[in-house]
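# Residue-level structural notes
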Amino acid sequence: MKPIVTERLIIREFRPTDLGEIYRILDVELKFIDSKQQDSSIGQRKKWLDWTIQGYEQNRMLLNPPYGDHAIILKDSMQMIGTCGFVPVLAPLGLVPYYRYIADAKESEQNYPEVGIFFAVSSHYQCRGFAHEEANALINYGFDKLKLTRILGITHLYNNPSMAVLKRLGMKIEKLPEHKWMQVVGILENDAEARQQARKAG
């Protein structure tokens, strides 16, 4: 994926030289630790970064969407402040009332494939609108360039900042409190008029 440039940000593919910064953000500040591990090391993050970078070329070769993490960079200082990207979603979305309505899905445990977005911003740069700015740029790319029908955002009930971003993006929010990981589902349809209204409201 070519870099996406917004008013304040650049969203680009990760590079090997980004290891120190992304380790600091994800493992030191935000503590993104695998549940099977007691802690995270820079060596483990390097394996993740190598895998992420290799994935760009593999997705291009397979004509897949540009799935995977991408670096969020401040334009004015070139400082990395987080990661974001597209992710494949395979989930029992028939449990979500709004999804059943728009996708004619059945209320069952059957999994449905969709494309989602995700984001993680350094704790030092939160509450400044950066998450909304990069997520909105991804949505525009997904609808305009990838011609997606809809885009999803999934988070936990306790993640109020993420829920606020999904709402500001104009997503329809549904809650499944008892689900293990799909407790909050945001859904945005590729509707130009609705997106314009969401931009004005946001």
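Coordinates for the structure precede this section.
To keep things clear, this report deals only with the structure shown in the data block. The structure displayed is predicted, hence computed values, not measured ones. (Residues numbered from 1 in each chain as written. Predicted model: local features only at pLDDT ≥ 70, side-chain atom pairs only at ≥ 80, totals over all residues. Heavy atoms only, no water.)

### Details of the nonpolar core
As a reminder, the rule being used: Nonpolar cores are built from buried Ala, Val, Leu, Ile, Met, Phe, Trp, Tyr and Cys residues. Side-chain atoms within 4.5 Å join them into one set. For the exposure calls, accessible area comes from a 1.4 Å probe over protein chains only, and a residue counts as buried if that area is under 20% of its type's maximum, exposed if over 50%, partly exposed in between. The helix and strand labels rest on DSSP assignments: H or I over at least four residues marks a helix, E over at least two residues marks a strand, and numbering proceeds from the N terminus. What makes two residues a contact is simply this: any of their non-hydrogen atoms within 4.5 Å.
Membership of the largest hydrophobic core comes to 31 residues, with the highest contact counts inside it found for Ile117, Ile139, Leu169 and Met171. Those elements giving two or more residues to this core turn out to be strand 2 (9–12), strand 3 (68–74), strand 4 (80–91), strand 5 (112–121), helix 4 (130–144), helix 5 (160–168) and strand 8 (184–189). Looking at this core element by element, the count peaks at seven residues for helix 4. Once you skip the residues sitting within four places of it in the chain, Ile139 turns out to touch Ile117, Ile151, Leu169, Met171 and Leu188. Membership of the second largest hydrophobic core comes to 13 residues, among which are Ile22, Leu49, Ile73 and Ala120.

### A short note on the environment of Asn136
Relative to the helices and strands, Asn136 resides in helix 4. When the C-alpha positions of Asn136 and Leu169 are compared, they lie 6.6 Å apart, and in sequence the two are 33 residues distant.

### Quick notes on the state of the cysteines
To keep it simple, the criterion reads: Sulfur atoms of two cysteines make up a disulfide when they are within 2.5 Å.
By the definition in use, this model includes zero disulfides. Take Cys84: it sits in no disulfide, and the sulfur closest to it among the cysteines is that of Cys127, at 18 Å. Using a relative accessible area of 85% as the deciding quantity, one classes Cys127 as exposed.

### Examining the side chain of Thr155
Basically, it comes down to this: Polar contact criterion, stated in full: a pair of N or O atoms within 3.5 Å, where within protein one must be able to donate a hydrogen and the other to accept it, and residues adjacent in sequence count only if both atoms are side-chain atoms.
Inspection of the secondary structure puts Thr155 in strand 6 (residues 150–155). Of note is the side chain of Thr155, whose polar atom sits 3.3 Å from the side chain of Asn159. Those residues in contact with Thr155 that lie beyond four places of it in its chain are Ser162, Met163, Leu166, Trp181, Gln183 and Val184.

### Section: the packing of aromatic side chains
Going by this rule: In this analysis, rings of Phe, Tyr and Trp, with Trp reduced to its six-membered ring, are considered paired at centre separations within 6.5 Å, and the interplanar angle assigns stacked below 30 degrees, edge-to-face beyond 60, and tilted for intermediate values. Two thresholds decide whether a charge sits over a ring: the Lys NZ or Arg CZ must be within 6 Å of the ring centre and within 35 degrees of the ring normal.
Under the definition given, this model contains four aromatic pairs. With centroids separated by 6.2 Å and ring planes inclined at 40 degrees, the aromatic side chains of Phe86 and Tyr141 adopt a geometry described as tilted. Pair noted here: Phe86 is in strand 4 and Tyr141 is in helix 4, with a separation of 55 residues, a long-range link. A relative accessible area of 1% places Phe86 in the buried class. The ring of Trp48 has Arg45 sitting right over it, with the charged end atom 4.7 Å from the ring centre. Its end group placed over the ring of Tyr98, Lys172 keeps NZ or CZ at 5.9 Å from the ring centre.

### Some points on helix 5
The following threshold applies: What the arc measures is the spread of directions leading from the helix axis to the C-beta atoms.
When helix 5 is considered as a whole, its buried residues turn out to be Ser162, Met163, Val165 and Leu166. The arc that holds every buried residue of helix 5, seen down its axis, measures 160 degrees, which confines them to one face. Along helix 5, exposed side chains directed more than 90 degrees from the buried face belong to Asn160 and Pro161. Buried residues belonging to helix 5 abut strand 5, helix 4, strand 6, strand 7 (172–175) and strand 8.

### Some words on unusual backbone geometry
Not every positive phi belongs to a glycine, and Leu63 is a case in point at roughly 60 degrees. In this structure, Leu63 sits in the loop between helix 2 (42–61) and strand 3. On the basis of relative accessibility, which here comes to 77%, the residue Leu63 falls in the exposed class. Backbone geometry at Cys127 places phi at a positive 65 degrees, although glycine is not the residue there. With respect to the helices and strands, Cys127 occurs in the loop between strand 5 and helix 4.

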